[in-house]
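# Chain and residue survey
Here is what each chain is made of, one letter per residue.
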Amino acid sequence: DIVLTQSPTTLSVTPGETVSLSCRASHSIGTNLHWYQQKTNESPRLLIKYASQSISGIPSRFSASGSGTDFTLNINNVEFDDVSSYFCQQTQSWPRTFGGGTKLELK
Amino acid sequence: EVQLVESGGGLVQPGRSLKLSCAASGFTFSNYYMAWVRQAPKKGLEWVATISTSGSRTYYPDSVKGRFTISRDNAKSSLYLQMNSLKSEDTATYYCASDPPFAYWGQGTLVTVSS
C-alpha cells in the first residue's frame, strides 16, 4: 500500500501568513495526488486535483505542486475561514489511501 | 446543483448487517465511478469501496473485503453499500463520493456498531 505522510500534524498561524503543508508518498505516485479541506462537522471538499490542478470555486489563494513522492499545498494570506483539516489522497494505485491530515489553527 | 444524499445509517449490533444508500442528482451519475469513504469519530478519512460506471468492477481495501459490497443502480442514480459482519471498528460516518478524485461528497450517514 502507498503510505502518505502529512506534516506538520498541526499548524498554528496568524491571519495573512502564507503556509505550506507537506504530503510525502512512500512510493512514486506521479501526479495522482489530490488535496481536500474538511471543516469541523462538514463533509470534505476537493481543493486541488492531480497535484496542481485548480478546482472551480476554490479561492485562488490555494495552490499546490509536486510530483513523484513530494507534494505541497500552499495557502497564501491565510484567512479565518481556512481553519480546517487538510488531507492528501492518492489515486495511483489500489487501495486508495489518505494522509493522516494537517490541522490548521489560527493564533 | 450536485447532490449526494446518504441514508441507512444507525445503531447496529456487532456481527449484524446494514445497507447504506446514496441518492445522486445534478450530474450524470452513470458516467462516474463512485465510492464510499468513512471517517471514524475524531479520526481521518478511510476509503472503503469503489465501483466502476457499469458496476462490473469493484475495489475494496483489505479492512472490509469480503464483508462489504458496493453496488449501483444507474437507472435510479443510486449507490449502495451492503455491510455484513459489522465490527466496532466500522463505527464511522460514511460518505458517498464520486471517484476519482472525490469531487462530489454527500453529507454522510453515521453508523454505530455497538452492543
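Structure shown above.
Criteria and thresholds
Residues numbered from 1 in each chain as written. Chains lettered and ligands numbered in written order. Predicted model: local features only at pLDDT ≥ 70, side-chain atom pairs only at ≥ 80, totals over all residues. Heavy atoms only, no water. Helix = DSSP H or I, 4+ residues; strand = E, 2+ residues; numbered from the N terminus. Rg over C-alpha atoms; globule rule 2.2 N^0.38 Å. Buried < 20%, exposed > 50% of the residue type's maximum accessible area, 1.4 Å probe, protein only. Pairing = 2+ DSSP bridges. Axes fitted to C-alpha atoms, helices over the stretch in contact; angles between N-to-C directions. Contact = heavy atoms within 4.5 Å. Buried area = accessible area lost by both parts, 1.4 Å probe. Salt bridge = Lys/Arg side-chain N within 4 Å of Asp/Glu carboxyl O. Polar contact = N/O pair within 3.5 Å; in protein donor to acceptor, adjacent residues only side chain to side chain. Phe/Tyr/Trp six-rings, centres within 6.5 Å; stacked < 30°, edge-to-face > 60°.

In this section: the overall build of chain A. Secondary structure summary: chain A contains zero helices and eleven strands in total. Helices and strands appear in chain A in the N-to-C order β-β-β-β-β-β-β-β-β-β-β. Taking 107 residues into account, the globule formula puts the C-alpha radius of gyration at 13 Å, and chain A, at 13 Å, falls close to it. Taken along the three principal axes of its C-alpha coordinates, chain A extends 35 × 25 × 25 Å. Evaluated residue by residue, chain A yields a buried proportion of 46% over its 107 residues.

All names here are of chain A. With three bridges connecting them, strand 4 (residues 33-38) and strand 5 (residues 45-49) associate as antiparallel partners. Across the sheet, W35 pairs through a bridge with I48, a residue of strand 5. Connecting strand 4 to the next strand, strand 5, in antiparallel fashion are six residues, including N41 with a positive phi near 60°. The pairing of strand 5 with strand 6 (residues 53-54) spans two bridges and is antiparallel. When the bridges of strand 6 are listed, I48 appears paired with S54. Taking the residues between adjacent antiparallel strands as the criterion, strand 5 and strand 6 are bridged by three residues, where Y50 takes a positive phi near 45°.

All names here are of chain B. The strand order across the open sheet formed by four strands is 1-3-8-7, and the pairing between neighbours is antiparallel. In this open sheet, the two edge strands, each paired with only one partner strand, are strand 1 (3-7) and strand 7 (68-73). Here the average twist between neighbouring strands, direction ignored, is 15°. Where strand 1 lies against strand 3 (residues 18-25), five bridges are found, and the strand directions are antiparallel. When the sheet's bridge partners are listed, S7 is paired in strand 3 with S21.

On the side of chain B, 18 residues touch chain A, which itself brings 16 residues to the contact. Here chain A packs against chain B, burying approximately 1400 Å² in sum over the two surfaces, 70% of which is carbon and sulfur. Per-residue buried area on chain A facing chain B is highest for W94, R96 and F98 of chain A; these three make up 38% of the total on that side. Connecting chain A to chain B are one salt bridge. A salt bridge links D99 of chain B to R96 of chain A, with the nearest nitrogen and oxygen atoms 3.0 Å apart. Inspection of the chain A/chain B interface yields four residue pairs in polar contact (both at pLDDT 80 or more).

All names here are of chain A. Here the structure, examined in full by the defined rule, presents 13 aromatic pairs over all chains. Here the aromatic rings of Y36 and F98 are separated by 6.1 Å at their centres, their planes lie at 55°, and the arrangement is tilted. One end of the pair, Y36, is in strand 4; the other, F98, is in strand 10 (residues 97-98), and 62 residues separate them in sequence. Here the two residues Y36 and F98 agree in accessibility, since each one is buried. Aromatic side chains F62 and Y86 sit 6.3 Å apart centroid to centroid with 35° between the ring planes, which places their arrangement in the tilted category. With F62 in strand 7 (residues 62-67) and Y86 in strand 9 (residues 84-90), this pair connects stretches of sequence that are 24 residues apart.

Residues and elements named next belong to chain A. Taken in spatial order, the four strands of this open sheet run 1-3-8-7, and their pairing is antiparallel. Each edge of the sheet is formed by a strand with only one pairing partner; in this case those strands are strand 1 (4-7) and strand 7. In this sheet, adjacent strand axes meet at a mean angle of 15° when their direction is disregarded. When strand 3 (residues 19-25) meets strand 8 (residues 70-75), the two strands line up antiparallel, connected through six bridges. Along strand 8, the bridge assignment pairs S22 with T72.

Distances and angles like these do not, on their own, reveal function.
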